[in-house]
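# Topology and contacts: notes
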Amino acid sequence: MTGRLTERTRLNEARERLLADIDALPSEEVPLPDAAGRAVAEPITAARAVPHYRRAAMDGYAVRSTDTVGASERSPVFLSVTNTDPDADEAVPVHTGSAVPESADAVVPIERTNEEPDGLAVFAAVGVGANVAPVGEDVERGERLCDAGRRLRPSDLGLLRATGVDAVRVRERPRVTVLPTGEELVAADPEPGEIIETNGLTVGALAASWDARVERREPVTDDPDALRAALRDAASGSDVVVTTGGSSVGERDLVPDVVADLGGLSFHGVALKPGHPVAAGEVDGTPALLLPGYPVSCLVNAVQFLRPALAAFVGTPLDAHPTTTATLAEKIRSEPGVRTFARVSLDGSEANPVSAAGAGVLSSVTRADGWVEISESKEGIPAGTEVEVQRWER
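Owing to the predicted nature of the structure, the values given are computational and were not obtained by experimental measurement.

### Brief notes about the sheet that holds strand S4 (residues 60-63)
With mixed pairing, 6 strands are arranged side by side in an open sheet as S7-S4-S6-S5-S9-S8. Looking at strand neighbours, the two that pair on one side only are strand S7 (106-109) and strand S8 (113-116), the edges of this open sheet. Each adjacent strand pair in this sheet contributes to an overall mean axis angle of 40 degrees, direction not counted. Here 4 bridges tie S8 to strand S9 (residues 119-122), and the two strands are oriented antiparallel to one another. Note on S9: the bridge partner recorded for Glu115 is Leu120.

Okay, here's the thing in structure tokens:
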């Protein structure tokens, strides 16, 4: 057991410790239509070129370019129209995307021609390859299309299908079990002293949005034996167990000690705000992430730890959050040595710190458009400063 709460590990170091215990998941082959959003397990190359034939780039006539030499508006060249492979002084009607006959090497745009009694009048000379898309202009056969770790987008699926790919090998989706803890948690109709359980819902929805397979369990009471049994059961069918609540050092904060007994802690306590009593370890060899019970602290740590963990399971790089540049309307205070995530709302180009921004005020997140990340080296940010607002939920 290492890194108890009083040590406050730096955020980057804590994240590295968590990711060090994560191995990439096995791969599986899935039909291409089912692969959107999945992480590619191995490089994908084009099975055929796109286009796989020479195609007309516009409506017009396929010709031999030498037959159009000297053609102009005042002195057109006249060609015979045919529907077969053109010989000298012949032209074949083509449409955008249709195959260009073998002996033709150019296409005259239809607007530069006119069918007349003497044949097809061509009013412009064209060079070799004019208005003809060659084989492989878009994609060459054997060209690498996707590297391992790429998360496939809908546009990727279209390209892969065009090159002859019908199925792809992707990483299995991580299995996440979310286990809320706390004897005060209820599903509905709370009495005084009771709280409706929301962290499991929020964290589960976040994990699902990050392409995990999520199982949400019923809350477990603050009892070591009950926690031990629930954690071991969750770990047996998961790639990562995520608990919410009970991660601090109070009398009812038992989860870190139970996890330490079942496998060990890699850290407990991180220098970030809100949410420093976060922890991580293992339960019977399965990674476990212990999130604080305060809703905002829970959410911040899910974004900072669970999101990169799920990316590591499938070997994808962690994409940066979309950001909006804004001017800070009021000063934001922060503690030196602590990474701070300050919630702000946006009003045009102005960022306003969200009032009532305690770690237990969940509504402060829904009122916010994002947060400003303040490094450990700073002691707040003065009003009027230009800041980057992370739109983490966009």
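Next comes the rest of the description.
### With respect to the packing of helix H3 (residues 199-209) against helix H6 (residues 295-314)
Close contact between H3 and H6 brings their axes to 10 Å; oriented N to C, the two are set at 30 degrees. Classified by the interaxial angle, the pair formed by H3 and H6 is roughly parallel. Relative to H6, H3 is oriented so that their crossing is right-handed. Residues Asn199, Thr202, Val203, Leu206 and Ala207 of H3 form the contact with H6, whose participating residues are Pro295, Cys298, Leu299, Ala302, Leu306 and Leu310. Its residues assigned to classes, the contact of H3 with H6 shows 9 nonpolar, 2 polar and no charged.

### With respect to the confidence of the model for the protein chain
Looking at the protein chain as a whole, the pLDDT averages 93, with 96% of positions reaching at least 70. Mean pLDDT across the elements of the protein chain bottoms out in helix H7 (residues 363-367) (80) and peaks in S7 (98).

### Considering the packing of helix H1 (residues 11-20) against H6
Running from amino to carboxyl end, H1 crosses H6 at an angle of 40 degrees, the nearest separation of the two axes being 10 Å. Classified by the interaxial angle, the pair formed by H1 and H6 is oblique. Like other packed secondary-structure pairs, H1 and H6 cross with a definite hand, here right-handed. Contacts between H1 and H6 involve Leu11, Ala14, Arg15, Leu18 and Leu19 from the first element and Gln304, Phe305, Pro308, Ala309 and Ala312 from the second. Among the residues forming the contact of H1 with H6, the class breakdown is 8 nonpolar, 1 polar and 1 charged.

### Quick notes on the sheet that holds strand S21 (residues 286-291)
Taken in spatial order, the 6 strands of this open sheet run S16-S13-S17-S21-S20-S18, and their pairing is mixed. Of all the strands in the sheet, just strand S16 (213-216) and strand S18 (265-268) have a single pairing partner and so form its edges. When strand polarity is set aside, the average angle formed by the axes of neighbouring strands in this sheet is 25 degrees. Bridging between strand S20 (residues 279-283) and S21 involves 5 bridges; their strand directions are antiparallel. Counterpart to Val283 in the pairing with S21 is Thr286. Of the strands in this sheet, strand S13 (175-180), S16, strand S17 (240-244) and S21 touch H3, which is tilted by about 170 degrees from S16. Of the strands in this sheet, S13, S17, S18 and S21 are in contact with H6, which crosses S21 at around 165 degrees.

### As for the pattern of salt bridges
Applying the stated criterion across every chain yields a total of 17 salt bridges. Between Glu73 and Arg112 there is a salt bridge; the shortest N-O distance is 3.3 Å. Here Arg112 lies in the loop between S7 and S8 and Glu73 lies in the loop between S4 and strand S5 (77-81), a separation of 39 residues in the sequence. A residue is classified by how much of its surface remains accessible, and Glu73, at 51% relative accessible area, is exposed. If you follow the salt bridges from partner to partner, you end up with Arg150, Arg153 and Asp156 in one network.

### Digging into the side chain of Glu197
Looking at where Glu197 falls in the secondary structure, it is placed in the loop between strand S15 (195-196) and H3. Here Glu197 sits buried without a salt bridge, and the closest side chain of opposite charge, Arg216, lies 4.4 Å off (N-O distance). A polar side-chain atom of Glu197 sits 2.5 Å from the main-chain amide nitrogen of Gly200.

Conventions adopted
Residues numbered from 1 in each chain as written. Predicted model: local features only at pLDDT ≥ 70, side-chain atom pairs only at ≥ 80, totals over all residues. Heavy atoms only, no water. Pairing = 2+ DSSP bridges. Helix = DSSP H or I, 4+ residues; strand = E, 2+ residues; numbered from the N terminus. Axes fitted to C-alpha atoms, helices over the stretch in contact; angles between N-to-C directions. Parallel < 35°, antiparallel > 145°, perpendicular 65-115°, else oblique. Left-handed = near helix turned anticlockwise from the far one by under 90°. Contact = heavy atoms within 4.5 Å. Nonpolar A, V, L, I, M, F, W, Y, C, P; charged D, E, K, R; others polar. pLDDT = per-residue confidence, 0-100. Salt bridge = Lys/Arg side-chain N within 4 Å of Asp/Glu carboxyl O. Buried < 20%, exposed > 50% of the residue type's maximum accessible area, 1.4 Å probe, protein only. Lys, Arg positive; Asp, Glu negative; His and termini not counted. Polar contact = N/O pair within 3.5 Å; in protein donor to acceptor, adjacent residues only side chain to side chain.

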